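Report on the structure
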Amino acid sequence: MNSRNTSIARQLPRTALAIALGLTLSGVAFGQATTGAITGTVPAGTADTVVVSGTTGITREVAIDSTGRYTVGSLPLGKYTVTLQNDGKTVDSRSNVTLRVGSSTDVSFGAANTQTLSAVTVQANALPTIDVTGVDSRTVITAEQLSKLPLARNAEAIARLAPGVIDNNIYTSAASGKTLNSFGGSAVTENAYYVNGFATTDPLKNLGGITLPYGAIDQMEVLTGGYGAQYGRSDGGVMSIVGKRGTNQWHFGGNFQWTPSSLKASPKNVYSVYGPNAGKMYNYNNDDKSTTVEGSIYAGGPLIEDRLFLFASADVERQMGQSVAGSATTATSTPNTKYSYQMPRWYAKLDWNINDSNTIELTGMSDKRSYQANIYDYDYESHSRGDFLTPDNPTKTGGDAYIAKYTSYITDDFTVSALYGKMTTREYTGLGNPSTDAYVSSPELQRDAFNSGGPGYKGTQTTDSISDPRNNNKISSFRLDLSYKLGSHTLAAGIDNQTARSNFVGDTTTGPGYRWTYYHVEDKDINTPISDGLGVGAPGENFYVDQIYISNAASVRTVQHAQYIQDDWQINDRWLVKLGLRNDQFTNYNSQGEAYIRLTKPQWAPRIGFSWDVLGDSTFKVYGNAGRYYLALPNNVAVRGASGSLFTDQYFTYEGVDPTTGAPIGLTPINATPVSTNNEYGQAPDPKTVATNDIKAEYQDEYILGFDKQFNSDWLYGAKATYRKLRTAVDDVCDPDSIIAKGVSLGYDESQFAEMNGCYLFNPGRTNNYLVKQDDGSYINVPVSWKDYGFPPLKRSYYAVNLYLEHPFDGKWFGRIDYVFSRSYGNTEGQTKTGGVPDGQDDVSQTIDWDNAAVMEYANGPQSSDRPHQIKMYGYYQIAPEWLVSANLTVMSGAPISCLGMTGPDASGDPSGYSPWYHWCGGEPSSPGKTRYPWTRRLDLGVQYSPAFADGKMAISLDVLNALNEQKTTQAYSIYNTSPGIGNYYSGYKRVISRETPRYVRVGVSYDF
């Protein structure tokens, strides 16, 4: 008889108290799972089947195997009743079993309750909290916890609860504008975002992704390593959100959040440290405040009981405020900006139980952000707004996604699921200011301004670049997953395909197509060439200006395919081994539709893990994992590297400055024609020569070993060690002279290298083969090793030890403490460059690193994500039936500081035309991390009141974030000098770029019907 007697039935009676399982320690499934599982053991001979019934109308019946074990997998998240039956009669049951995404919940039945056939019902809160089927590193935060913890209301802030996840401080999400995270020493672009199993990561630069309204999140899992072969395309971390779904009971509700400017602390002002205005205020920030209001509503329930369910929510957030730029001594074209951000979001999910064996899930969501503002004059003495000047440039980001998923439970042992989804986003900056003038940088270095200590003439242009209004990104994804249980083996196989298109993307300089940047040098350096490497001579006087042209725009795409197999082998009742293998293929296309990188040969990524249930009762687990993770290049690489890009400089001396436009007057060229550091003169390179012809994808190896243990019924503790090593990276090298020199040494004539690119995508630390086009259309191959360039070997390593102590929620309180000791070190951050670059460099895999040997000299040291000591403590306490208090404390050691400048003991060298991006500072070599930014300590506090008269349906909350109002510096300008000579300080050197967010207070009211 087929034991799988699955039916869609009315949910079974449930007791009132739900289980509170706290945080998941490590999970059974993998990175972007949307379901959970129930497993357990039953005393031999006491029962033959287990029936699992959920609040979404699903009931599944499975047989108990000969060893007394059972597993019910691929269950939608929700609450379940687990009933033990013998010959169709109830023997025992567990109610209110809450699943955790990607994990197995153990529901075992002891002999005490199964000796007779009388029905017994018990609460589920006595279940073990350690998932002994998991071998990865994950943190799961539930909707209940989100409603109680004092957090910023976004996915990035939720992820920072996980050990080893840090705020990057510089890069922000293209969709939400929120600060992005670094996971385990990786770059912020090496993370992946998922919603209901669909990849929502930004396809252009991998900077963030679209997410759900805060109140629509059912569970969010944060993976910091060790996930299985089903998933890839991330060697950092994964933020996977599962949205709420309708059940057999209708629920309605709303939430209102108010963050008033009157209860915000004033941001600290910024002062110049060096340059002509040293010690003077650079930016007046005290009045940079805003008010945020957010309102949301939701509804969920059955359209057809047991068959068709709907959940829908809508959320609108509006931030209104002002920012002040500049000061009495700093010129700016945006002195006072009165702005408004609109952030509309919606989410809808339809679940259809077609019949006993088939379900369909349909999801739609939107996460958008728009900005509008007006710019006014500002009186820095009276701190008052002046006359209207111009509209600011409007922006529109974010987008929509639609997902369909089909699941078929063909037998007890065989499950098939297929998912298809599409997403469209945009990242558009319009032109609000009608000015046709050129943008002006560093006006304080204009001759008259420098000599008088004045702010200089900034002009009327308020932005340096704009994007095409047709700009958009499109993703289409399809995956197929098969799972089959064969004895003690659970076998899985599938495909995971994605096509990402970026259309009309890129930027063009505003105004006449160029911008101006002013410079100053001391008397002793006026005869020192501006750039030997580019052939730019000396200015011959103290003041000069750079005219910069930048333009790049293209429509490009990336195609990613993957296949995987996985075997979860339950060797015995205590040992589980997971063996997986994934094969990724990546192809990147330029604006002409031609492939410039084609990595379609097997890229094998093994994944191996084990779990040892030491005592056999799910109270002590030892686990480990080893895996390899590949990462493709996003579309932005093709915009500048594989399509026509313009980036040139021409230097001039000048006689004066137009006070209206800020443009120089009476120009005399220093270099007769424009120069380009990377030979970017607008020409599109041959797709065969964009990258080396044997280029490899970026990949990283990772090793994890840890344990979780139940100290007693109230406490859990554990430890985990992680080691990550970047084996291969992709960046661009911009040193064609070394390729030519190697070719000549191999017997080629120098005339054969007439058609050379300025830069090539390559693998640092390896020997790379370059194709050089000949006059007759043929190609010669030139192998160049890292030693030929004068490069050091590639190095990025991360190791960490995590210790934790947790008190699961017992109806009274929940708390968790994590301590992480870690080091992230090497000579590359990865796909981006944060440390040392004023605003971060998000030219993914086209950073300044590896462009030539000179910029890599002395580059080895702690990387920007290095925080040796991290302490995280968070939790909540139900002090009375109506009152709950909560807290979230994060203490971290500071990031390493870099100092960059011109080379040599006289700080005047520019060997490759890359001034000032050398690891030299004031005439001395300067590796990263000789000094550090200060420790940071952020304390968030919350209190919640649920009045008895509302029967628990209403909650009033007050959160104070950064209650201590600590505003430590987290990033500062690291450029020592941009003009030759010791003491020729760059005017921004050591000036603050970012600080901790000042204290703010948020008031909330929610009501659930």
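Small disclaimer: the values here were computed from a predicted structure and weren't measured. (Residues numbered from 1 in each chain as written. Predicted model: local features only at pLDDT ≥ 70, side-chain atom pairs only at ≥ 80, totals over all residues. Heavy atoms only, no water.)

**A look at the environment of Trp786**
Mapping Trp786 onto the fold places it in helix H6 (residues 786-789). In contact with Trp786, not counting residues within four places along its chain, are Gly765, Arg766, Phe791, Pro792 and Pro793. (Helix = DSSP H or I, 4+ residues; strand = E, 2+ residues; numbered from the N terminus. Contact = heavy atoms within 4.5 Å.)

**Notes on the pattern of salt bridges**
In the structure shown here, the tally under the stated rule is 37 salt bridges. For Glu541, the salt bridge identified is with Arg447, shortest N-O distance 3.1 Å. Remark: Arg447 occurs in helix H3 (residues 447-452) and Glu541 occurs in the loop between strand S31 (514-520) and strand S32 (543-570); sequence separation between them is 94 residues. (Salt bridge = Lys/Arg side-chain N within 4 Å of Asp/Glu carboxyl O.)

**Brief notes about a negative patch on the surface**
Negative charge collects at one region of the surface, where Asp377, Asp379, Glu381 and Asp387 lie side by side. Residue placement: Glu381 occurs in the loop between strand S23 (358-379) and strand S24 (384-391). (Patch = residues over 30% accessible without salt bridge, like charges linked within 9 Å, V, L, I, M, F, W, Y side chains within 5 Å. Areas by Shrake-Rupley, 256 points an atom, 1.4 Å probe, with all protein chains shown as cover. Lys, Arg positive; Asp, Glu negative; His and termini not counted. Charge placed at Lys NZ, Arg CZ, Asp CG, Glu CD.)

**Quick notes on the nonpolar core**
Ranked by internal contacts, the top residues of the largest apolar core, which has 42 residues, are Ile158, Leu212, Met220 and Met365. Setting aside residues up to four positions removed in sequence, Met220 forms contacts with Thr139, Val140, Ile141, Ala155, Ile158, Ala159, Met239, Ser240 and Ile241. If you look at the next biggest cluster of nonpolar residues, it comprises 28 residues, including Val733, Tyr789, Ile848 and Val855. (Core = buried A, V, L, I, M, F, W, Y, C linked by side-chain atoms within 4.5 Å. Buried < 20%, exposed > 50% of the residue type's maximum accessible area, 1.4 Å probe, protein only.)

**A look at unusual backbone geometry**
Generally, phi is negative for residues other than glycine and the peptide bonds are trans, each holding for most cases. The amide bond that connects Ser915 to the next residue, Pro916, takes the cis arrangement and shows omega of 10 degrees. Within the secondary structure layout, Pro916 lies in the loop between strand S52 (896-897) and strand S53 (920-921). Phi at His383 is positive, roughly 55 degrees, even though this residue is not glycine. By the secondary structure assignment, His383 is in the loop between S23 and S24. His383 sits in the partly exposed class, given a relative accessible area of 35%. You will see that Trp850, though not glycine, has its phi angle at about 70 degrees, which is positive. Counting through the fold element by element, Trp850 comes out in the loop between strand S48 (813-826) and helix H7 (853-856).

**Considering the sheet that holds strand S14 (residues 198-199)**
Taking strand neighbours across the sheet as the criterion, the five strands line up as S10-S15-S16-S13-S14 in an open arrangement whose pairing is mixed. For this open sheet the edge positions go to strand S10 (137-142) and S14, each flanked by a neighbour on one side alone. Note that strand S13 (residues 192-195) and S14 share two bridges and pair antiparallel. What sits directly across from Tyr194, in S14, is Ala199. (Pairing = 2+ DSSP bridges.)

**Examining the confidence of the model for the chain**
Looking at the chain as a whole, its pLDDT mean stands at 90, while 94% of the residues score no less than 70. Segment residues 112-128: pLDDT under 50, and 46 contacts once partners within four positions in sequence are set aside and those in other chains are kept. (pLDDT = per-residue confidence, 0-100.)

**So, the state of the cysteines**
Throughout this description, disulfide means a covalent bond between two cysteine sulfur atoms. Throughout the structure, instances matching the rule amount to two disulfides. The disulfide partner of Cys734 is Cys759, and the S-S distance across this bridge is 2.0 Å. Given an S-S torsion of about 105 degrees, the disulfide between Cys734 and Cys759 has right-handed geometry. You can see Cys734 sitting in the loop between strand S43 (731-733) and helix H5 (736-745) and its partner Cys759 sitting in the loop between H5 and strand S44 (760-762), a full 25 residues away along the chain. Assessed through its relative accessible area of 8%, Cys734 is described here as buried. On the accessibility criterion, Cys759 (17% relative accessible area) is buried. (Disulfide = S-S within 2.5 Å.)

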